[in-house]
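Notes for the structure review
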Amino acid sequence: MELSRSGTKMASLSGLRLIMDDIATTTGSATGTEWLNLGIGNPAAIPKVMDTWQRMTTEALVTSFGDVSCRYGPSRGLPELVDAIADYFNKRYGWSIEPRNIVVGPGSQMLCFIAAALFTGAGATRDTRLVLPMTPDYTGYQGLSLTPGGITGVEPVLHLQGDRSFRYLFDLPSLEGLTDIGLMLLSSPSNPAGRCASHDEIQRLVAAAHSHDVPLVVDNAYGAPFPAIGGPSTAPVRDEHVINVFSLSKAGLPGERLGFAIADEQHIDPIVSFLSNSALHAPQLVQSTLTHALRSDVLDTLVASVIGPFYDERRKFVESLLAETLPEDIAWHLHASEGGMFCWVWVNEEWFDDLRLYEALKRRGVFVVPGRHFFTDAEPSQGLGRHAQQCFRISITPDPDTIAAGVQIIAATLDDMRAEGVGTSR
């Protein structure tokens, strides 16, 4: 059997996929180790959120099962859900979208994949790439292109804020200077850094999309209007060049794989056709559940009274824990976060390496995610040196005892790595 070039690309294991397989293999074996998984990307199991979704799904099962689970449906999405999405966003943001501006898909990541397949790659007049306007960004994006080398990213500008905090800034001149853009894509709040793009920054990216005449996909999986994790989030921007993608995953239903996109018809129609030719349509029982959640105030209430406060409190706990526990005499910095489910740590020491940390922690029963997997291989160097190998991601969704125990081991491991690095340099 011989795979095609695109087949070889898609059959390869990404860095994060290898780590997830590592976690599954290790924790599934009879090692006797009590594993502390701080690399998990799953949203927290919040009882009230789970109970609410279970109740609404049960109601959909009783009232809609025959119509939605025992029949095929339209590729755009259930008409009642598409109408509910239009009504919800028009009322909340003053938009004037219609069903033709909406498509429901089997997860937001699949919708991003479809957009990448439609708007990047070999074209009639030129070849184009998927461009991440700022890295680091969601590592899953690096599997979206069917073309080897079809994804590139723009390195950020590092901005130190005090002794322990830093922030990534967009390098917009470098982005605007690229000539082979077919599609731009970013998450906001971002995974892993939790950075929210401001309204002005989004407008600059929109201007770049107009200049290159390409779509800008904004992945709102952690942002407004739901789940709006981590404080005030920038409202989504409606523009003829913007494809806004939304997800139900971080609002409590990651396993149901439901997302939707809102954009002009010129972008939505090809996505609907792609779905027809591939998956036919998204799962429909959960579509019925979401319809009820949007028609009532259930989802907004969950976000405002449960999901938002939970992650806000948990983030403060983890950030305080890191400040109290990580060695004071090591140059570590925490990215200033406005949202998301992670803490992003940069260890600015010559002896530090993210994969060495990963292996050392694994030997001690702790998992984190190495930072290099959130940067692309093809991005142009702007003088950041080894920064991509000096970061790691910690999830804030495990229970506090697990996080506290894991952070203690991370601190001890950093001390050991420093001692080994200093000894080697001498």
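Here, every reference points to the structure presented above.
As a starting point, this report considers the structure included with it. All of these numbers come straight from a predicted model, not from anything done at the bench.

1. Some words on the overall build of the chain
For the chain, the helix and strand inventory stands at twelve helices and 16 strands. Here the C-alpha atoms of the chain give a radius of gyration of 22 Å, agreeing with the 22 Å that 2.2 N^0.38 yields for 426 residues. C-alpha extents for the chain along the principal axes are approximately 70 × 50 × 50 Å. In the chain, once contacts between residues fewer than 6 apart in sequence are set aside, the share between residues at least 24 apart is 77%. Accessible area for the chain stands at about 17900 Å²; split by element, carbon and sulfur atoms hold 51% of it. Treating the 32 positive side-chain charges of the chain as one cloud and the 49 negative ones as another, the clouds have centres 1 Å apart.

2. Points about helix α7 (residues 199-212)
Helical geometry: 3.6 residues make up each α-helical turn, so side chains three or four residues apart lie on a common side. The end-to-end C-alpha distance of α7, which contains 14 residues, comes to 20 Å, matching closely the 20 Å that a straight helix rising 1.5 Å per residue would cover. Residues of α7 that are buried include every one of Glu201, Ile202, Leu205, Val206, Ala208, Ala209 and His212, and no others. Seen from one end, α7 has its buried residues packed into an arc of 160°, which puts them on one side. Looking at α7, the residues exposed on the side facing more than 90 degrees away from the buried face are Asp200 and Ser211. The inward-facing, buried residues of α7 contact α6 (172-176), β8 (181-187), β9 (216-219) and β10 (242-247).

3. Observations regarding the sheet that holds strand β16 (residues 391-395)
Judged by pairing direction, the sheet is mixed, and its six strands sit side by side in the order β6-β7-β12-β13-β16-β15 without closing on themselves. Looking at which strands have only one partner, the edges of the open sheet turn out to be β6 (157-161) and β15 (369-370). By the bridge criterion, three bridges tie strand β12 (residues 332-335) to strand β13 (residues 342-347) in an arrangement that is antiparallel. Within the sheet, the bridge partner assigned to Trp332 lies in β13 and is Val347. Packing against the sheet, helix α10 (residues 298-325) makes contact with β12, β13 and β16, and its axis sits at approximately 20° to β13.

4. Topic: the packing of helix α3 (residues 47-68) against helix α9 (residues 285-295)
Between α3 and α9, the shortest axis-to-axis distance is 8 Å and the interhelical angle comes to 120°. Our classification of the angle between α3 and α9 gives oblique. Crossing handedness for the pair α3 and α9: right-handed. Judged by residue contacts, Trp53, Met56, Thr57, Glu59, Ala60, Leu61, Ser64 and Val68 of α3 engage Leu285, Ser288, Thr289, His292 and Ala293 from α9.

5. Concerning helix α5 (residues 108-119)
For α5, built from twelve residues, the straight-helix expectation of 16 Å at 1.5 Å per residue is met to within 8% by its first-to-last C-alpha distance of 17 Å. Just beyond α5, the residue with positive phi is Gly121, at close to 110°.

6. A closer look at the environment of Arg393
When you line up the elements, Arg393 lands in strand β16. The sequence separation of Arg393 and Lys91 amounts to 302 residues, and the corresponding C-alpha distance is 37 Å. Ignoring sequence-local partners within four residues, the contact set of Arg393 consists of Leu38, Gly39, Ile40, Gly41, Asn191, Pro192, Phe342, Cys343, Trp344, Val368, Val369 and Phe374. Within the structure, Arg393 has its side chain in polar contact with the backbone oxygen of Gly39 (distance 2.9 Å). A distance of 3.1 Å separates a polar atom in the side chain of Arg393 from a polar atom in the side chain of Asn191.

7. Description of the side chain of Thr128
Relative to the helices and strands, Thr128 is located in strand β4 (residues 127-132). The class for Thr128 is buried, based on a relative accessible area of 11%. Polar contacts involving the side chain of Thr128 include one to the main-chain carbonyl oxygen of Phe119, which spans 3.5 Å. The residues touching Thr128, leaving out its near neighbours within four places in the chain, are Phe119, Thr120, Gly121, Asp180, Ile181 and Gly182.

8. Some details on the packing of α5 against helix α8 (residues 265-278)
Running from amino to carboxyl end, α5 crosses α8 at an angle of 105°, the nearest separation of the two axes being 10 Å. The orientation of α5 with respect to α8, classified from their angle, is roughly perpendicular. Contacts between α5 and α8 involve Leu111, Phe113, Ile114, Ala117, Leu118 and Phe119 from the former and His267, Pro270, Ile271, Phe274 and Leu275 from the latter. Counted by class, the contact of α5 with α8 contains ten nonpolar, one polar and no charged residues.

9. Digging into the packing of aromatic side chains
By the definition in use, this model includes 19 aromatic pairs. Relative to Phe246, the ring of Phe89 lies with its centre 4.9 Å away and its plane at 55°, an arrangement referred to as tilted. Taken together, the residues Phe89 in helix α4 (residues 79-93) and Phe246 in strand β10 connect sequence positions 157 residues apart. Assessed through its relative accessible area of 0%, Phe89 is described here as buried. You can call Phe246 buried: its relative accessible area is 0%. Through a chain of ring-to-ring contacts, three or more aromatic side chains come together here, namely Tyr88, Phe89, Tyr93, Trp95, Phe226, Phe246 and Phe260.

10. Focus: the pattern of salt bridges
Close approach of charged atoms allows side chains of opposite charge to pair. A complete count under the given rule lists 22 salt bridges for this structure. Here Arg71 makes a salt bridge to Asp67, at a shortest N to O gap of 3.5 Å. Note that Arg356 is salt-bridged to Glu420, the shortest N-O span being 3.2 Å. Of this pair, Arg356 sits in helix α11 (residues 354-363) while Glu420 sits in helix α12 (residues 400-425); the two residues are 64 residues apart in sequence, bridging distant segments of the chain. Several salt bridges share partner residues, and in doing so they unite Asp353, Asp354, Arg372 and Arg386 into one network.

11. A few points about the environment of Val272
Here Val272 lies in helix α8. Residue Val272 is classed as buried on the basis of its relative accessible area, which comes to 13%. Along the backbone, Val272 and Gly105 are 167 residues apart, and their C-alpha atoms lie at a distance of 8.7 Å. Excluding residues that lie within four positions of it along the chain, Val272 makes contacts with Ser75, Arg76 and Val103.

Conventions and cut-offs
- Residues numbered from 1 in each chain as written.
- Predicted model: local features only at pLDDT ≥ 70, side-chain atom pairs only at ≥ 80, totals over all residues.
- Heavy atoms only, no water.
- Helix = DSSP H or I, 4+ residues; strand = E, 2+ residues; numbered from the N terminus.
- Rg over C-alpha atoms; globule rule 2.2 N^0.38 Å.
- Contact = heavy atoms within 4.5 Å.
- Areas by Shrake-Rupley, 256 points an atom, 1.4 Å probe, with all protein chains shown as cover.
- Lys, Arg positive; Asp, Glu negative; His and termini not counted.
- Charge placed at Lys NZ, Arg CZ, Asp CG, Glu CD.
- Expected span 1.5 Å × (residues − 1).
- Buried < 20%, exposed > 50% of the residue type's maximum accessible area, 1.4 Å probe, protein only.
- Arc of directions from axis to C-beta.
- Pairing = 2+ DSSP bridges.
- Axes fitted to C-alpha atoms, helices over the stretch in contact; angles between N-to-C directions.
- Parallel < 35°, antiparallel > 145°, perpendicular 65-115°, else oblique.
- Left-handed = near helix turned anticlockwise from the far one by under 90°.
- Polar contact = N/O pair within 3.5 Å; in protein donor to acceptor, adjacent residues only side chain to side chain.
- Nonpolar A, V, L, I, M, F, W, Y, C, P; charged D, E, K, R; others polar.
- Phe/Tyr/Trp six-rings, centres within 6.5 Å; stacked < 30°, edge-to-face > 60°.
- Salt bridge = Lys/Arg side-chain N within 4 Å of Asp/Glu carboxyl O.

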